Amino acid sequence: MSASVAVYRNIYTEDRFKQAYGTEDKRSGGVRLRKRLVEGCRCSRRACLHLLKERVPIFNWLPRYRLKKWILGDTVAGLTVGILHIPQGMAFALLTSVAPIFGLYTSFFPVVLYMLFGTGRHVSTGTFAVVSLMTGSVVEQLVPTPLELNSSSPEAAEFEAQRIGVASAVALLSGIIMLCMFGLQLGFLSTYLSEPIVKAFTSAAAFHVTISQLQSMLGLRLPRHTGTFSLFKTLALVIENLSHTNMAELLISLVCLAILVPVKEINMRYRQHLRTPIPVEILTVILATGVAYASSLDSAYDIQIVGHISAGFPSPRMPALHTFPDIAGDTVAITFVGYAVSVSLAMIYADKHGYSIHPNQELLAHGISNTVSSLFTCFPSSATLATTNILESAGAHTQLSGLFTSLVVLIVLLLIGPLFHFLPKAVLACINVTSLRQMFLQFQDLPDLWRISRIDFMVWLVTWLSVVVLNVDLGLAIGVVFSMMTVICRTQRAGCSVLGRASNTEIYRPLEKHSKCYEVPGVKILTYNGPIYYGNRSFFREEMSRLLGLTAERIRSREKARKALEKRERETAVSTVERGVANTSFSSENEFFKSETSENDVQAVLIDCSSVIFVDVAGARLFIQMCIECQKVGVRIYLANCNENVLKILTSSGLMNYMNPQHIFVTVHDAVVYIQQQKEKPPENTTTVWV
């Protein structure tokens, strides 16, 4: 059964609608700003408590914690992720070009701090492959690896201190940048890293991680390349030195891959049936360490091992502050990548579980995490893809799971750490490579992306190629610029369409896609699907002129005809008054419709502004210019569906000096009915519209 609707009401111009339904706010902008400042600075016990809960969310969710319902899930998930943090922390430390112990530190401090300040209930923070890789590039640039270095010499200790000094300086500067962004409430900037950019970037960075780990998997002692084309330079160097492969380390790598890959596949395919994933990484680390210790692989086959890992808590140490000028540019890129990935992950799981994320509070949480952690020899941290996924699938409910994660890492730091002395670095390299499975699988999104949006597909492809071919940070910058250019191009070339009316309705749709709609005789209804500003004003003018046929020759000829008509109107004005015709104020308008124009000629132009989100000064001046040109050819301009900001700018620019304020209507149908009434007969005191 089809429903129907009938409406009988007055025709509403914008002025008449505001008089009937508008709200007058006579307060000036300064008064409103002063009131907001007073309310924001008001100090009371309630306001301080609200601020504390808002800025330190643990005081908000902990008192409402459902102990019996949530504690088991948080405990199991936290312990599972903590066990995974141990091998991944040490492995990602290799990507950062620092000793594995610093990866354990980075797996502890940020977890505790995010639990206090973060709003993501299912977010696992710590070491992240892409951020570690980008930080490692900075470390290699400032403190390159010497080919001949005795790991037990005093020079090696000084070398490691310099490296972690640079890495922690990157973390400190990244935290300061985030805190400054929080102070300026710039959490929205993460939106400039769109989903195609983030996915393409992480997928391409996975190739960089894999290639960088080849030398550790093959037992090669090679310098690490940075800068543009680093992936190809590293790959060429590995191929050149394949003859120097350490067969023992190659065998270790093959055995580890043979264990890690199938078990990880089992974890992924049967995650619905497994209460917790199989901790294959930590089992592999324990097994490899035991075999290496029992067989003395480091001395017998010259394999690279982790080496000395000190037990205990790290003492506070200032980062290498003098490197700030050298690391500033790279740190900005690292900050945006880490924050964008963290917020994206937090929002994905927040939407899934029905709670909200506060981007600005996330800036504060990650800013404090990186700033404080850097004082304890940690490198930059962020949310991580693999551990966040495991945390959620293992049954975590709140941030309290981070407490159990940090307890596992703390036990390793205080008691178990030195036992990993004989762990082969090839094992950590294999863990790095196999942890990138999710990033490589993002290629599966490309067919759907092509089907949904070709432009987003091109953004994905350009970002991926730029990161792979050039470099991680430069490729990311190119991807962001290209993505923004697509947005600008789409606003510059927004479609301009002619609208037609569906019979016996107030519905108007583009004629090119709705052939059964018809044009209102004598009225050209146009809509523009984008903003009108300095960047696209020329295109908008060309489209309007093409649809209206406003050529220079036509403007000159019609202007002459209009002037002749006005002269004839003035000559007949006296006789019109003498005959006692009422409503003479509309005689010129009615005579316009009854002039010597044919029925098919455009006599009125109605612009539907419903899709015009904003207009700048250049766009407003273009409206004035169009009004003048249309008046020259005897065509009146009407507007409909203008939002408040657009109408305010058009009015302030002086448009009302060139068009009647009563020609701005609330809807397209109001304007059409008004125009038709003006054509047919003088208006009555109460104009109405049937829908």
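The present account deals with the structure reproduced in this document.

What counts as what
Residues numbered from 1 in each chain as written. Predicted model: local features only at pLDDT ≥ 70, side-chain atom pairs only at ≥ 80, totals over all residues. Heavy atoms only, no water. Helix = DSSP H or I, 4+ residues; strand = E, 2+ residues; numbered from the N terminus. Buried < 20%, exposed > 50% of the residue type's maximum accessible area, 1.4 Å probe, protein only. Areas by Shrake-Rupley, 256 points an atom, 1.4 Å probe, with all protein chains shown as cover. Pairing = 2+ DSSP bridges. Salt bridge = Lys/Arg side-chain N within 4 Å of Asp/Glu carboxyl O. Contact = heavy atoms within 4.5 Å. Polar contact = N/O pair within 3.5 Å; in protein donor to acceptor, adjacent residues only side chain to side chain.

## Brief notes about the overall build of the protein chain
- When helices and strands are counted, the protein chain shows 29 helices and ten strands.
- Relative to its full complement of 691 residues, the protein chain shows a buried share of 50%.
- In the form shown here, the protein chain has an accessible surface area of approximately 34,000 Å², with 60% of it arising from carbon and sulfur atoms.

## Structural notes on the sheet that holds strand 4 (residues 496–501)
- Spatially, six strands are ordered 5-4-6-7-8-9 in an open sheet, and the strand pairing comes out mixed. Among the strands making up the open sheet, the edge pair consists of strand 5 (508–510) and strand 9 (664–665).
- Summarising the sheet, strand 6 (residues 523–528) and strand 7 (residues 604–608) pair through five bridges and their orientation is parallel. When the bridges of strand 7 are listed, Ile-525 appears paired with Leu-606.

## Points about the pattern of salt bridges
- Evaluated as defined, the whole model comprises 15 salt bridges.
- We note a salt bridge from Lys-199 to Asp-445, for which the minimum N-O separation is 3.1 Å. Here Lys-199, found in helix 10 (residues 195–218), pairs with Asp-445, found in the loop between helix 20 (437–440) and helix 21 (446–452); they are 246 residues apart in sequence, far enough to count as distant.
- Residue classification places Lys-199 among the partly exposed residues on the basis of a relative accessible area of 24%.
- Because the salt bridges share partners, they merge into one network encompassing Glu-195, Lys-199 and Asp-445.

## Let's talk about the environment of Thr-80
- Relative to the helices and strands, Thr-80 is located in helix 5 (residues 67–95).
- A C-alpha to C-alpha distance of 9.0 Å links Thr-80 and Phe-404, two positions 324 residues apart in sequence.
- If sequence neighbours within four positions are ignored, Thr-80 has contacts with Thr-276, Pro-277 and Ile-390.
- A distance of 2.7 Å separates the side chain of Thr-80 from the backbone oxygen of Val-76, its partner in a polar contact.

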